Amino acid sequence: MEEYRGICRAHTNIALIKYWGKRDDELILPMNSNLSLTLDRFYSETQVRFSKDIVEDCFQLDGEWQDNSEVEKISRFVDLFRQLAQVDLACEVISYNHVPTAAGLASSASAFAALAGACNQALRLDLDPLALSRLARRGSGSATRSIFGGFVEWEKGSGDHDSQAVPFDDANWDVGMVVLTLNTKKKAISSRRGMKHTVATSPFYQLWPQVSEEKLLEMKAAIKARDLDWMGEIAESHAMLMHATTLSANPAFTYLEAESLKAIEAVKGLRQQGYKAYFTMDAGPNVKILCPYSQSQAIIDALAPEFGADRLIASRPGPGIQYLEA
Ligand SMILES: O=C(O)C[C@@](O)(CF)CCOP(=O)(O)OP(=O)(O)O
């Protein structure tokens, strides 16, 4: 009986130089190259089964069968792999996000990267990681980067054929991240909608591509120098540049909440106490703290009285995708 199975694990990544704005919505081509750190602590595990005995595509996430709109997104993505394999079979996707809700991290990056890997294995496409990152990109931009571990650059490229991730540094040194989760409720404005509105209406956005390319060059030098203070200064600056574009959109909006600003001040306070701690933030109120992994527990202990230890989770750098036994 014709049946194909694949199962794959992919880890979450946090951008230090942000992807913010598309030059092509359909192909998900970014306005600027960007760079992230893959995290060990948070990952998605996704299995896919193609079979004649499956009547139509179905998708189970964390034990819950998903509705048609979610299945439709998955089907469109899996179609890319079905076309490559010349296969016309329906599939069943079962995915678990090992991202504690308390971590409030977007899991679309790890989930689409894991699904890409699972399809690659199931359909025996034998796609190399670069090709796989180009396909993961079609699910969600940040998924491009979760194919690789450590510090990863997503090169904006000139089109679908070369907009892909490349490993930049294996992060095999004393670096890590503490995730401070301020709230885990579903965001009002998704990153997809937020960046589209910003590109369309912020007068500041025209500066974003050039400034981001400059910041990226500097960040790469700072990582190669393993200079965490330098990396942190760049990361904080770039995160705030991103949030400045949303504040200058029309109508304006922001992902920053009162507690986010408190957390930013607390991180600056940690530096005055001698810690190497630098914040970054994405399309949500939660704060991620770049630091030496060796300081992460002390940083958690220092922040716990104000924010609660249960909202503070440390992670080492994580690996690229892992193919598991199907
Ligand atoms: O991760 C970063 O570089 C920065 C962000 O997280 C926001 F701060 C963007 C993530 O955007 P994503 O969810 O990938 O959007 P999609 O391509 O519309 O699915």
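Everything here concerns the structure above.
So, here's what we can say about the structure. (Residues numbered from 1 in each chain as written. Predicted model: local features only at pLDDT ≥ 70, side-chain atom pairs only at ≥ 80, totals over all residues. Heavy atoms only, no water.)

## Structural notes on the site of the ligand
Piece 1. Around the ligand, the surrounding shell holds 16 residues, and the nearest of these are Y19, K22, S140, S142 and R192.
Piece 2. In the model, an oxygen atom of the ligand is placed 2.6 Å from a nitrogen or oxygen of the Y19 side chain.
Piece 3. In this structure, an oxygen atom belonging to the ligand sits 2.7 Å away from a main-chain N or O atom of G141.
Piece 4. Calculation on the ligand without its partners gives an accessible area of 470 Å², and the protein chains cover 92% of this total.
Piece 5. Ranked by the residues each element gives to the shell around the ligand, the list is headed by helix α4 (residues 191–201), at 3 residues.
Piece 6. Its residues assigned to classes, the shell around the ligand comprises 7 nonpolar, 4 polar and 5 charged. (Near = heavy atom within 4 Å. Polar contact = N/O pair within 3.5 Å; in protein donor to acceptor, adjacent residues only side chain to side chain. Areas by Shrake-Rupley, 256 points an atom, 1.4 Å probe, with all protein chains shown as cover. Helix = DSSP H or I, 4+ residues; strand = E, 2+ residues; numbered from the N terminus. Nonpolar A, V, L, I, M, F, W, Y, C, P; charged D, E, K, R; others polar.)

## Side note on the nonpolar core
Piece 1. Core analysis: the biggest nonpolar cluster contains 34 residues, and V48, F50, F81 and L115 have the highest contact counts within it.
Piece 2. Among the elements of the structure, β1 (3–17), β4 (34–51), α1 (68–85), β7 (91–98), α2 (108–122) and α3 (129–137) are those that each provide at least two residues to this core.
Piece 3. The element contributing the most residues to this core is α2, with 8 residues.
Piece 4. Residues within four places of L115 in sequence aside, it is in contact with T46, V48, I74, F77, V78 and V93.
Piece 5. By size, the runner-up hydrophobic cluster in this structure holds 27 residues, among which are A171, W173, A222 and I234. (Core = buried A, V, L, I, M, F, W, Y, C linked by side-chain atoms within 4.5 Å. Buried < 20%, exposed > 50% of the residue type's maximum accessible area, 1.4 Å probe, protein only. Contact = heavy atoms within 4.5 Å.)

## Some details on the packing of helix α5 (residues 208–224) against helix α6 (residues 228–247)
Piece 1. Where α5 meets α6, the axes come as close as 9 Å, and the angle between the chain directions of the two elements is 160°. Classified by the angle between their axes, α5 and α6 sit roughly antiparallel to one another. As for the relative orientation of α5 and α6, their crossing is left-handed in sense. Contacts between α5 and α6 involve W208, V211, S212, K215, E218, M219, A221, A222 and I223 from the first element and W230, M231, I234, A235, S237, H238, L241, M242 and T245 from the second.
Piece 2. Class assignment for the residues of the contact of α5 with α6 results in 12 nonpolar, 4 polar and 2 charged. (Axes fitted to C-alpha atoms, helices over the stretch in contact; angles between N-to-C directions. Parallel < 35°, antiparallel > 145°, perpendicular 65-115°, else oblique. Left-handed = near helix turned anticlockwise from the far one by under 90°.)

## Examining the environment of G149
Piece 1. You can see G149 is positioned in the loop between α3 and β8 (151–155).
Piece 2. Here the alpha-carbon distance between G149 and D40, two residues 109 residues apart in the chain, equals 8.7 Å.
Piece 3. Beyond its immediate stretch of four places on either side in the chain, G149 contacts T38, D169, G318, P319 and G320.

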